[in-house]
Amino acid sequence: MKKLFVGTVLGVMLMGGFMSVQDSNQEDLAYELEPSILSVQKPVSFM
Amino acid sequence: MMEVGSYIKLQRVQQGMTQDELASGIVSMSYLSKIENQRAEASPEVISLLCTRLGIEIDNEKDIDIKDKCEEWYGMLFEVNDKEEIKKRYEELNKLMETVNSNNYLMFEIYKVRYFLVIGEHESALEQINSLNEVSNTFDNLHLYYWYKFKGNYNSLTGDNNQALKLYELAEEKLKQIDLKNDEAADLYYTIAVAHSKIRNTLESIDYAERAIEVFQIEYNFIRCAQCHIVLGISYRRIKMYDKAIKNYNLAKHLGGLERSNQIIQLANVNLGYLYSSKGDSHSAVHYYGEVVEDSEVDLQTKLPTATSLTREYFKIGEYDRSKIMLDKGLKLFKRLNYDEAFKAHYYALTAYKYAMEKDEAKFESILINEFLPYLTKHKEYVYLVDFANMLGEHFEKQAKYKEALKYYKLANLTYGKLIIL
């Protein structure tokens, strides 16, 4: 019982540590789109 | 005239003929090899026999006309142009080239690599590269410059940016040995800037984009300047200089407006969306993404990534109804792109969100664990990998499956570490 309790607490603490790192990671997560290296093509229309 | 030996060799290689097949009955194989590599000069009779077997003629008179036509066509491969018109000119030139031993022949063959990339035929570009490999030892410095550059373009477009950069470096070296117009050098610098940006070499990207923009500004080439501003915007965002990033994006939009290029304006909008998303300003992110997705003139290759980002943004702020609408739209766009492999990551991302919103835990876990995360690992798509490994971690955490949760949080963190090293 005691081991289960300690294990859960440790697990939650570790995750808390990971998550706080996740939050500060958020700033760098962007999926930018660079322009093409080929001719700038005329855009094609889509409905 | 281009050395006839090289001309014969190239024709032979392109027709899939061996030296033995060509030489048989005319000269020995070893002598043919010497002719092809310009170590021996054959008699006109021998040349004539070899050419007859290859089905080609030698006509010396048409060369000057060809040069002008070629130059015009080359220009079309770098600026805004109609693909159909480019193809038409290509067919004309190709026919002309088939019957003439021209100084321009080799350059034309090298430019074919770029041509195939512009019309989207990557396989043909590779075939052309492979056949030209056989004669690349006869290229002069000018040939080599374009050879390296266009091979680099091929690698850029097939996702091998590191190899592309090595080739661009070789091209840049050649630039010092030849006399080219400034806008040609600028185009190379711009291409290098984009390649650096794709592998997050932020400072190098800024450096090359600045060099390119210097030339394009002098020439009032607004479209090219706008492209450089977008590359700069992306880089400045990555080093958290947000004001400078926004300034560059807005400049790109302004120049795009002057040239009536909706494509440029919307590309700037997509990236502005990413900027605000990364700052946690979902409201602004949604606004910019929305502009792009609602615009009927935006090409599919830009619209699909935007739809995915908008799905993600709505999901993040709990607007699940809107997320679902955007998700469906995204999946339809993927279908209209004929399920193009290049956009597979978006298909996976949208499907993962779909299962998450439908609360189909089994399918959600399955697609992430068995398909999406391995796919992202294989393709080194670290940004997506951090995001979705994290999402899976959160999913397991909510179910109190802490061991599983830790595993994916750990993956997210390790991947993030790789991202910041890049």
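Residues numbered from 1 in each chain as written. Chains lettered and ligands numbered in written order. Predicted model: local features only at pLDDT ≥ 70, side-chain atom pairs only at ≥ 80, totals over all residues. Heavy atoms only, no water.

Novice: An account of the overall build of chain A is needed here, citing residue identities and associated values.
Specialist: Broken down by element type, chain A carries 1 helix and 0 strands. Here chain A, with 47 residues, has 40% of them falling under the buried criterion. When the accessible surface of chain A is split by element, carbon and sulfur atoms take 74% of a total near 3000 Å². (Helix = DSSP H or I, 4+ residues; strand = E, 2+ residues; numbered from the N terminus. Buried < 20%, exposed > 50% of the residue type's maximum accessible area, 1.4 Å probe, protein only. Areas by Shrake-Rupley, 256 points an atom, 1.4 Å probe, with all protein chains shown as cover.)

Novice: Can you explain the confidence of the model for chain B? Please cite residues and give values.
Specialist: On average, residues of chain B score 91 in pLDDT, and 96% of them reach the 70 mark or higher. Listed scores for the predicted complex are pTM 0.82 and ipTM 0.82. (pLDDT = per-residue confidence, 0-100.)

Novice: Report on the nonpolar core, specifying residues and quantitative values.
Specialist: Trp-73, Tyr-111, Phe-372 and Phe-388 of chain B are the most contacted members of the largest nonpolar core, which totals 152 residues. Here the element with the most residues in this core is helix H7 (residues 105-118) of chain B; it accounts for 11 residues. Beyond its immediate chain neighbours, meaning those up to four positions away, Phe-388 of chain B contacts Tyr-31 of chain A together with Ala-349, Ala-352, Tyr-353, Leu-368, Phe-372 and Leu-373 of chain B. (Core = buried A, V, L, I, M, F, W, Y, C linked by side-chain atoms within 4.5 Å. Contact = heavy atoms within 4.5 Å.)

Novice: Any details on helix H4 (residues 44-54) of chain B? Residues and values, ideally.
Specialist: Since the α-helix packs 3.6 residues into each turn, any two residues three or four apart lie on the same face. Residue and element names in this part refer to chain B. Inspection of H4 places Val-46, Ile-47, Leu-50, Cys-51 and Leu-54 among the buried residues, and these make up the whole buried set. All buried residues of H4 lie within an arc of 130 degrees about the axis, which places them on one face of the element. Across H4 from its buried face, at more than 90 degrees, point the exposed residues Pro-44, Glu-45 and Thr-52. In the core, the buried residues of H4 are packed alongside helix H1 (4-14), helix H2 (19-23) and helix H3 (29-36). Trailing H4 by a residue or two, Gly-55 shows a phi angle of about 75 degrees, which is positive. (Arc of directions from axis to C-beta.)

Novice: Can you lay out the pattern of salt bridges for me, pointing to particular residues and giving the numbers?
Specialist: Inspection of every chain in the model, using the stated rule, returns 22 salt bridges over all chains. For Lys-149 of chain B, the salt bridge is made with Asp-187 of chain B, and the minimal N-O distance between the two is 2.6 Å. Here Lys-149 of chain B is found in helix H9 (residues 141-157), whereas its partner Asp-187 of chain B is found in helix H11 (residues 182-198), with 38 residues between them in sequence. Here the two residues Lys-149 of chain B and Asp-187 of chain B agree in accessibility, since each one is buried. As a salt-bridge pair, Glu-319 of chain B and Arg-322 of chain B come within 3.0 Å of each other at their nearest N and O atoms. Glu-319 of chain B sits in the partly exposed class, given a relative accessible area of 32%. In this structure Arg-322 of chain B comes out as partly exposed when scored by relative accessible area, which is 44%. Taken together, the shared-partner salt bridges connect Glu-32 and Glu-34 of chain A together with Lys-198, Arg-200, Arg-237 and Arg-238 of chain B into one network. (Salt bridge = Lys/Arg side-chain N within 4 Å of Asp/Glu carboxyl O.)

Novice: Run through helix H21 (residues 382-398) of chain B, naming residues and quoting values.
Specialist: Residue and element names in this part refer to chain B. Helix length check: H21 (17 residues) gives 24 Å between terminal C-alpha atoms against 24 Å at 1.5 Å per residue, within 8%. Most of H21 is tucked away: 14 of the 17 residues are buried. Among the residues trailing H21, Ala-400 stands out with phi positive, at a value near 65 degrees. (Expected span 1.5 Å × (residues − 1).)

Novice: Requested: an account of the packing of H1 of chain B against H4 of chain B, with residues and values cited.
Specialist: Residue and element names in this part refer to chain B. The geometry of H1 relative to H4 is characterised by a closest axis approach of 10 Å and an angle of 25 degrees between their N-to-C directions. Put simply, H1 runs roughly parallel to H4. Relative to H4, the crossing made by H1 is left-handed. Where H1 abuts H4, its residues Val-4, Ile-8, Gln-11 and Arg-12 lie against Ile-47, Leu-50, Cys-51 and Leu-54. In terms of residue class, the contact of H1 with H4 is made up of 6 nonpolar, 1 polar and 1 charged. (Axes fitted to C-alpha atoms, helices over the stretch in contact; angles between N-to-C directions. Parallel < 35°, antiparallel > 145°, perpendicular 65-115°, else oblique. Left-handed = near helix turned anticlockwise from the far one by under 90°. Nonpolar A, V, L, I, M, F, W, Y, C, P; charged D, E, K, R; others polar.)

Novice: Describe the side chain of Ser-156 of chain B, with residues and values.
Specialist: Mapped onto the elements, Ser-156 of chain B comes out in helix H9. Residue classification places Ser-156 of chain B among the buried positions, given a relative accessible area of 13%. Within polar-contact distance, the side chain of Ser-156 of chain B engages the side chain of Tyr-168 of chain B at 2.7 Å. With residues up to four places along the chain from it excluded, the contact list for Ser-156 of chain B reads Ile-37 of chain A together with Asn-161, Ala-164 and Tyr-168 of chain B. (Polar contact = N/O pair within 3.5 Å; in protein donor to acceptor, adjacent residues only side chain to side chain.)

Novice: Give me the packing of aromatic side chains: which residues, what numbers.
Specialist: Residues and elements named next belong to chain B. Taken as a whole, this structure holds 31 aromatic pairs over all chains when the rule is applied. Note on Phe-139 and Trp-147: the rings are 5.5 Å apart at their centroids and 85 degrees apart in plane angle, and the pair reads as edge-to-face. The exposure class of Phe-139 is buried, given its relative accessible area of 8%. Seen from their ring centres, Tyr-384 and Phe-388 are 6.2 Å apart, and the 20 degrees between their planes marks the pair as stacked. Of this pair, Tyr-384 and Phe-388 both sit in helix H21, 4 residues apart, which is roughly one turn of the helix. No difference in accessibility class separates Tyr-384 from Phe-388, as the two residues are buried. An aromatic cluster is present here, built from Trp-73, Tyr-74, Phe-78, Tyr-90, Phe-108, Tyr-111, Tyr-115, Phe-116, Tyr-145, Tyr-146 and Phe-150 joined pairwise through their rings. For Arg-211, the ring lying beneath its charged end belongs to Tyr-208, and the centroid distance is 4.4 Å. (Phe/Tyr/Trp six-rings, centres within 6.5 Å; stacked < 30°, edge-to-face > 60°. Lys NZ or Arg CZ within 6 Å of the ring centre and 35° of its normal.)

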